[in-house]
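# Summary of structural features
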Amino acid sequence: MALLQISEPGQSPMPHARRLAAGIDLGTTNSLIATVDGGAVRVLADETGAALLPSVVRFFDSGEVAVGSAAQAAEIEDPLNTIASVKRLMGRGRDEVGQVPYALADSEGMVRLKTAGGDKTPVEVSAHILAALKTRAEDALGGPLTGVVITVPAYFDEAQRQATKDAARLAGLTVLRLLSEPTAAAVAYGLDRQPEGLYCIYDLGGGTFDVSLLRLSQGVFEVLATGGDARLGGDDFDAAVAADLEAHGRRATTAESARALLRAARTAREQLTTQETVSIDVPGVFAGTLSRDELNALIDPLIERTLAPCRRVLKDAGVRVADVSEVVLVGGATRTPRVRERVEGLFRKAPLNDIDPDQVVAVGAARQADLLVGNAGATDMLLLDVIPLSLGIEIMGGLVERIIPRNAPIPTTRAQEFTTYKDGQTALAVHVVQGERDLVTDCRSLARFTLRGIPPMAAGAARIRVTYQVDADGLLSVSAQELSSGAESEITVKPSYGLTDADIERMLSESMAHAATDAAERAWREQVVEADRMIDAVLAAIAADGRLLAEGEGEAIATHARALRAARDGRDVTAIRRAIEALDRASAAFAARRMDEGLRRAMAGHSIQEFR
Amino acid sequence: MTQAERCVARNHFELFGLPVGYDIDERDLARRHRELISTCHPDRFAQASAQERRLAVQKSAALNEALKVLQDPVARARYLLELAGVSTGEETDTVMDPAFLIQQMEWREALEENRDNPARLSSLMDEWTAMTAARQRELAGHLRAGAAGYPQARRLVRELQFLRRFGDELDEAHLET
């Protein structure tokens, strides 16, 4: 049949070769990468056998970079160039990060760190951690990764999620999905194999606290509610212990002694998991002992701060403590016995903790990555997420009009109509913020979107529909159309605490990993990949659902697919892009019909079940 | 194929294969939503073309939007009235029944004066729950009556919206004590 002749002989439109995929837990203190191997999840270790990669990056004036334990070893001797806990800085402005033990560059937008290797954004620092994990995985698996699932705290706002995805792009990784950490933990425990239930995931990591309530039914997870504190974690336990040691000893006056003190505090806290008393010696600051009871008294107020969000998510979801089937503990700080006691006290139920709390998130992410690249075969598992914080826009008087409420399931869209207030006005600006408060100044500014290309009309005559879309990763995009003329507006985005596409392009061309390939080469490759993907998808669609084609539609699609294949074999990026767009237009109605057909079939199955 | 055939549903009810009407089994609705979104969620298209991924996001968003409206009795009633061409006008029309408003003001005063009094907050919550439930029952009755019930249904939707806001404030106060 003529339609299929554009597929080359022997080339299957849907290759079934096993694809390499991995799950990444990009943590505040440590990061991990795991993969599904022969049906079981394997956490990949480095050459010394260590699975945890300390989330620490050291920059040298030579331009070289050290990541992980090599960098961590230099934390005390080279504190300003050795960046730890960078997750706390992702998508944050200079005025928001509080006290950090690094030199900050004067900059608008996202904070920039002054290092021997130059000014670095948290995105670039995170990209080095991700690149190290990528190398580890590709060496272990013997080939390039098709894609990865990266976990983020459920409570991360849009800017923090975008920063995470940008870091992955800089590291040369394809992100299949940003998955919330609690959801990943539930998947790791195989809670998806239960018939149904209500699960509370209590995740106290190094720097962030997350609590989420998930409902599982028929193999589908839904995040019912999520809460937490993006700036509370085991690091704060250590800081509380360190402050107490200073109060009973002497102040740590240098960056070096402060680091040594923090490290001693952490070691003491970890040892008190199994011991009743530990002795501590930090030269010049403190020498003595600390008991578990003393530790408990120091951290109780911090643990209390985690219990209020727990009560709130129960309230948000409209459920009672007794309705919760299981509580899962995630994050190294939940090894602290006092945390378990208090969580058990609140939920009146012993929490699940038999998977290593440091690895549980990466394990779940690996399973989801395996599924998303198509290795897992047919499955019912579907992870539905919610947006953790409301999205709003600035209106008159510095007030916020809410456009998408928190805990709305994603993906989600919301459209609004605006008009012009001046004759001949051709542009409009929309300021999007995230948060629960009524004043713009009390919410986080996400971005300013400027719409241009509104056809000039009398004031009030133009009707501009602005559509806000939040995708399954929790990332926002905005599009706009003038309704009377149908003209699409051109939109430029100025992220408040994020990187622009131009920033990322520049970082890509500067980065070591990409020095060999110039920007044009990279752009060409990206277009070729998308062209192949599109041709494969269209061929597979026609083979599967050819009966849904309208008169002459199949021929038109085939013509454009052939044109795209010809363009793809050339070197002209613009020609490939145009051919992709042309095939997209020619096949859009068919693709929409197929998706509707899928929905119709799902609904038909439903009715049959009911008639039985 | 016409535009109408290409579009799977003309309204939120049809999207879920349900008849247009107020009475909905919420568990059945949730099950239908999960089954439908299982076929079109972006995760099902992680390896697909940009076009299919875009469509998947749009379809899933439409299902989520429809679920949000239908699973909430007040939003569902407002939407039914909208489909019938009756606007509830909550943002433009501020005229309310004076007796209802006076009662709301009394509750608000009681809330302000008893923020530190959990027992009074609890009894206020009981009164609120009873009034909300009564109005929802009334609302269901009017909507079942068809067009003749619309004016009363419109009033009840507006009052329930008021009640909801007060309920949220009451919840907040409860959490703080």
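Residues numbered from 1 in each chain as written. Chains lettered and ligands numbered in written order. Predicted model: local features only at pLDDT ≥ 70, side-chain atom pairs only at ≥ 80, totals over all residues.

Let us now look at the overall build of chain B. Across its full length, chain B holds eight helices and zero strands. Starting at the N terminus, the α and β elements of chain B follow one another as α-α-α-α-α-α-α-α. Compactness check: chain B gives a C-alpha radius of gyration of 20 Å against a globular reference of 16 Å for 177 residues, more than 25% above the reference. Principal-axis analysis of the C-alpha atoms places the extent of chain B at approximately 60 × 40 × 30 Å. Residues counted as buried form 31% of the 177 residues belonging to chain B. Pairs at least 24 residues apart make up 63% of the contacts formed inside chain B by residues separated by at least 6 positions. (Helix = DSSP H or I, 4+ residues; strand = E, 2+ residues; numbered from the N terminus. Rg over C-alpha atoms; globule rule 2.2 N^0.38 Å. Buried ≥ 20, exposed ≤ 12 C-beta atoms within 10 Å, placed from the backbone. Contact = placed C-beta atoms within 7 Å.)

Looking now at the overall build of chain A. Assigned secondary structure in chain A consists of 13 helices and 28 strands. Here the C-alpha radius of gyration of chain A, 26 Å, is about what a compact globule of 612 residues would show, namely 25 Å. Each principal axis of the C-alpha distribution contributes one length, and for chain A these read about 85 × 65 × 50 Å. In chain A, which comprises 612 residues, the share counted as buried stands at 46%. In chain A, once contacts between residues fewer than 6 apart in sequence are set aside, the share between residues at least 24 apart is 69%.

This brings us to the sheet that holds strand E10 (residues 118–120) of chain A. Residue and element names in this part refer to chain A. Judged by pairing direction, the sheet is antiparallel, and its three strands sit side by side in the order E8-E9-E10 without closing on themselves. A strand with exactly one partner marks an edge of an open sheet, and here the two such strands are strand E8 (103–104) and E10. When E8 meets strand E9 (residues 113–115), the two strands line up antiparallel, connected through two bridges. Note that in E9 the partner of Ala103 across the bridge is Lys114. (Pairing = 2+ DSSP bridges.)

Geometry of a packed helix pair, given as the angle between the helix axes and the separation of the axes. Residues and elements named next belong to chain B. For the pair helix H3 (residues 26–40) and helix H4 (residues 50–71), the least separation of the axes is 10 Å and the interaxial angle reads 175°. In this view, H3 runs roughly antiparallel relative to H4, as classed from their interaxial angle. Along its contact with H3, which presents Glu26, Leu29, His33, Leu36, Ile37 and Cys40, the element H4 presents Ala56, Lys59, Ser60, Leu63, Leu67, Leu70 and Gln71. Looking at the contact of H3 with H4, its residues break down into eight nonpolar, three polar and two charged. (Axes fitted to C-alpha atoms, helices over the stretch in contact; angles between N-to-C directions. Parallel < 35°, antiparallel > 145°, perpendicular 65-115°, else oblique. Nonpolar A, V, L, I, M, F, W, Y, C, P; charged D, E, K, R; others polar.)

Every contact between the two is made by 32 residues of chain B and, on the other side, 44 residues of chain A. At 11 residues, H4 of chain B tops the list of elements feeding residues into the side of chain B that touches chain A. Here the side of chain B that touches chain A is built from residues that sort into 13 nonpolar, nine polar and 10 charged.

The subject of this paragraph is the domain arrangement of chain B. Domain annotation of chain B identifies domain 1 (3–71) and domain 2 (98–176). Measuring from the centre of the C-alpha atoms in domain 1 of chain B to the corresponding centre in domain 2 of chain B gives 31 Å. (Domains from an automatic or database assignment.)

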